[in-house]
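A closer look at the structure
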Amino acid sequence: ILLAVAGITSLIMHLIQRKHRRDLQRRIARGEVNLEALGIKRLNVPQEILDKMPRYVYTSKDGAQQLATKETSPSPSGNLDAAETAAREALPKREVPFTQPTCSICLDDFEHNQTIVRELPCSHIFHPECIDGFLRDNSSLCPMCKKSALPQGYLVTDVTNAMVRRERLIRRMRERVTTI
């Protein structure tokens, strides 16, 4: 009888935990929960998602005004090889809607009509070689605003019981703070 009670209790606990894992997976798929932003799971961005993020040549109003006021000088593109120049010409040129003159990872300034940048879904821009390595190896969060660069509802791993417990604990703590 004791063995039957232990077996039934174990089965019930397994079914309850499975229900909680599926519930968390559904909430992640709907975009209600971001495991990395909660500090529960470290996620990386796969290369195929990085390749879908837009790349373009950096232009700005300030850079256009500075180029107009400068005297004619030898262009720095003369030092570039033909393949790099062709790749730059193939990319669209787009003016940045806000002022971000520097890559916040390497702290290099963007050059008007010269620098190729990658834009994250949060609209922050970085050198592709800087941000690709960061997102692929370190974290899926933008280094500036901490928003996820992954598509909404993207989950690369299975949800574990530990993730469910941690997310529930964080949710309860937030509810207590809002009621106080």
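Summarised in this report is the structure supplied together with it.

Let us now look at the overall build of the chain. The helix and strand inventory of the chain stands at six helices and four strands. Along the chain, from the amino end to the carboxyl end, the secondary structure elements read α-α-β-α-α-β-β-β-α-α. Residue pairs in contact within the chain that sit at least 24 positions apart in sequence constitute 69% of those at least 6 positions apart. Of the roughly 12000 Å² of accessible surface on the chain, 54% is carried by carbon and sulfur atoms.

A few words on a positive patch on the surface. On the surface, a cluster of positive charge is made up of R18, K19, R22 and R26. Here R18 lies in helix α1 (residues 2–29). For R18, a relative accessible area of 35% puts it in the partly exposed group.

Core analysis: the largest hydrophobic core is formed by 19 residues, its most contacted members being V45, M53, L120 and L135. Sorting the residues of this core by element identifies α2 (47–52), β1 (55–59), β4 (125–126) and α5 (128–137) as the ones contributing at least two each. The element best represented in this core is α5, accounting for three residues.

With that settled, the discussion passes to the pairing of strand β3 (residues 116–119). Residues of β3 alternate between two faces, with I116 and R118 on one and V117 and E119 on the opposite face, all of them buried. Two strands pair when backbone bridges link them, and β1 and β3 are joined in this way by three bridges, in the antiparallel orientation. Directly across from Y56, in β3, lies its bridge partner V117. Between β3 and β4, which pair antiparallel one after the other, the connecting turn spans five residues, and S123 there sits at a positive phi close to 80°.

Next up on the list: the side chain of S140. One can find S140 in the loop between α5 and α6 (161–179). Under the relative-accessibility criterion, S140 is labelled buried at 0%. Ignoring anything within four residues of it in the chain, the contact list for S140 reads E36, L43, V45, L135, K147, S148, A149 and L150.

What follows deals with α1. Within an α-helix, residues lying three or four positions from one another point in the same direction, as the helix has 3.6 residues per turn. Taking 1.5 Å per residue, 28 residues should reach 40 Å; α1 reaches 41 Å between its end C-alpha atoms and fits that length. All of the buried residues along α1 are R21, L24, R27 and I28. Where α1 is buried, its residues touch α6. Taken from the residues just after α1, G31 is the one with a positive phi, measuring 85°.

Here we come to the packing of α1 against α6. What describes two packed helices is the angle between their axes and the distance between those same axes. Closest axis-to-axis distance for the α1/α6 pair is 9 Å, and the angle between their directions is 70°. Judged by the inter-axis angle, α1 sits roughly perpendicular to α6. Crossing handedness for the pair α1 and α6: left-handed. Between α1 and α6, the contacting residues are Q17, H20, R21, L24 and R27 on the first element and N161, M163, V164, E167, R168 and R171 on the second. Here the contact of α1 with α6 is built from residues that sort into three nonpolar, three polar and five charged.

How each quantity is defined
Residues numbered from 1 in each chain as written. Predicted model: local features only at pLDDT ≥ 70, side-chain atom pairs only at ≥ 80, totals over all residues. Heavy atoms only, no water. Helix = DSSP H or I, 4+ residues; strand = E, 2+ residues; numbered from the N terminus. Contact = heavy atoms within 4.5 Å. Areas by Shrake-Rupley, 256 points an atom, 1.4 Å probe, with all protein chains shown as cover. Patch = residues over 30% accessible without salt bridge, like charges linked within 9 Å, V, L, I, M, F, W, Y side chains within 5 Å. Salt bridge = Lys/Arg side-chain N within 4 Å of Asp/Glu carboxyl O. Lys, Arg positive; Asp, Glu negative; His and termini not counted. Charge placed at Lys NZ, Arg CZ, Asp CG, Glu CD. Buried < 20%, exposed > 50% of the residue type's maximum accessible area, 1.4 Å probe, protein only. Core = buried A, V, L, I, M, F, W, Y, C linked by side-chain atoms within 4.5 Å. Pairing = 2+ DSSP bridges. Expected span 1.5 Å × (residues − 1). Axes fitted to C-alpha atoms, helices over the stretch in contact; angles between N-to-C directions. Parallel < 35°, antiparallel > 145°, perpendicular 65-115°, else oblique. Left-handed = near helix turned anticlockwise from the far one by under 90°. Nonpolar A, V, L, I, M, F, W, Y, C, P; charged D, E, K, R; others polar.

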